Amino acid sequence: MVIFRALGPLEVIVEGETIDLGGLRQQAVLARLLVAGGRAVPIGILIDELWPGEPPVQALSTIQGYVSRLRRVLEPHRAPRQEAGVLVSAPPGYALRARPEDVDCWWFGHLVKVDHGGDPAETLDRMESALALWRGPALAAFQDLPWAQAEAHRLDELRLLAVERRADAAVRLGRTGPLIPDLEAHASAHPLREEAWRLLALALYRAGRRGDALGALHRAREVLREELGLDPGPALQRLQQDILAQAPHLGCALPAPATSSAPAPAPAPEPAPDLETHAPLRVLIADDQGLVRIGLKVILASEPGLELAGEAENGEQAIALTMATRPDVVLMDIQMPRLDGLAAARRILTSGAPTKVIMMTTFGTDENLYAALRAGVSGFMLKTSPPEQLIAAIRAAVAGDALLDPAVTTHLIAAFAGRSDRGVPQGLSDSDVDLIKLIARGFTNRRIAMTLGVPEREIAHEITGLLRRLELVDRAQLVVLAYENGLISPGSAGT
């Protein structure tokens, strides 16, 4: 049995013993495969991501040496010519094979994602188990590498969600007293999370500290206005009104579990989504470099629910194939012969075809990023981005979200630094402006819904209506609008 631990210092336990994983770059190979979640990582991507910018001449043989040494320590009893079973060859690269419960970061994500907030006692147990897996910052040893930064940020967001779900379950069970110090620290450390303030105020109120509960909500309002220029969302506003009115439902915790030895009937589990009953997302690849197309096809083939709709070598082919095949998403190289990617993207996006375009580039320049967003693309990705980030961009585009590679967002900030023109575009309400500000900060529909305390479906409907009124193609154009009109300052773009 092999146990992998990435939620803290990278560790691997083989047959009960912690093994020596070698030097930091050799460890980075293993960490990158862990981040891929069992999917294959092409060796070209491994090279680019281990040596960003200038890989050494012998990078390929160096990677092969790292893999060989890792295989020896991961499977010490494997015969010399026996095929590896843990770190496996998956042309044109490698993949890690392990049970989800044997990889702490995989199992943590599973525990958080399968919880739907039904039975609070079950949620409390599940979140306790998930949070107990953490031993320190995730992937801290590799934080100079962009893929590790992105994954660490994703895991930390899930951890904050788990903390809040655990607190919500405890409040619903009436266990408020011991929670208050932890919630105080959580809200202070993450003051823009409205759910943190809601839980703290509710716990204080149920502990008989009505004045402190109102004080917490007052602090939340001050922080949100100062940092975001926004008022608290409907959830915090309703809670404040209920506390002032001493609404009876605020003091009603769920009754303690029955002491009878007979187990209470479990709630019927929500049916798991059947991937086979949903049509796969069809992706068209447009890039003049054959190796890039091969790598992208490998990524699509490794991800359930995605399929290749076709491939083009230039902009004219991309337009023709898009009109013929009507894919869900086009992955478009920004520079191609005969007709460049930007021109092709504009033609596709103004043709009326229900197709999203994600622009790809080797180097994200201010001019290219600005032009792509003005055209209405749904994403702007570096070709060296991790496969899972590209997959996330595809799914985000189809869902109506826009995704920008974290490695290129700084170009957008720089492009608008020092602009003096300010003003709200005519015809926009205060709620429209608030929504545009959140979109410009990179918030997804789900995160906007959580921030404003409204259903995610309502947010999607509001964004669709906003785009229609402004005669824009995609939400990415709202990002440009926000910067051009000074609705968001360059210094506050990060989230």
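Calculation criteria
Residues numbered from 1 in each chain as written. Predicted model: local features only at pLDDT ≥ 70, side-chain atom pairs only at ≥ 80, totals over all residues. Heavy atoms only, no water. UniProt positions renumbered as here; feature names shortened; annotations may be inferred. pLDDT = per-residue confidence, 0-100. Contact = heavy atoms within 4.5 Å. Buried < 20%, exposed > 50% of the residue type's maximum accessible area, 1.4 Å probe, protein only. Helix = DSSP H or I, 4+ residues; strand = E, 2+ residues; numbered from the N terminus. Phe/Tyr/Trp six-rings, centres within 6.5 Å; stacked < 30°, edge-to-face > 60°.

An unreviewed UniProt entry lists the protein chain under the name BTAD domain-containing putative transcriptional regulator, with Sphaerimonospora cavernae given as the organism. Of the protein chain, the UniProt comment under Sequence similarities (unreviewed entry) reads exactly: "Belongs to the AfsR/DnrI/RedD regulatory family."

A.B. asks: Would you mind showing me how to read the confidence of the model for the protein chain here?
C.D. replies: Predicted coordinates in regions of low pLDDT should not be interpreted in detail. Mean pLDDT for the protein chain: 80, with 84% of residues reaching 70 or above. For the stretch residues 405-411, pLDDT sits under 50, and the model shows 16 contacts to residues farther than four places along the chain or on other chains.

A.B. asks: What is the right way to read helix α17 (residues 430-440) from this model?
C.D. replies: Residue pairs three or four apart in sequence face the same way in an α-helix, which turns once every 3.6 residues. Counting buried residues along α17, 8 of its 11 residues qualify, which places the element largely inside the surrounding structure. When we look at burial in α17, the residues that qualify are Asp432, Val433, Leu435, Ile436, Lys437, Leu438, Ile439 and Ala440. The positive-phi residue at the C-terminal boundary of α17 is glycine 442, with phi of around 90°.

A.B. asks: Is there a simple way to explain the packing of aromatic side chains in this structure?
C.D. replies: Two descriptors summarise a pair of aromatic rings, namely the distance from one centre to the other and the angle between the planes of the rings. According to the stated counting rule, one finds 2 aromatic pairs in the structure shown. With a centroid separation of 6.3 Å and 25° between ring planes, the pair formed by phenylalanine 142 and tryptophan 147 is classed as stacked. With respect to class, phenylalanine 142 is no different from tryptophan 147; both count as buried.

A.B. asks: I tried to follow the UniProt feature "modified residue: 4-aspartylphosphate" (unreviewed entry) in the protein chain on my own but got confused; where do I start?
C.D. replies: Residues annotated in UniProt with the feature "modified residue: 4-aspartylphosphate" (unreviewed entry) correspond here to Asp333. Its place among the elements puts aspartate 333 in strand β9 (residues 329-333). In contact with aspartate 333, not counting residues within four places along its chain, are Ala286, Asp287, Asp288, Gly341, Met359, Met360 and Lys383.

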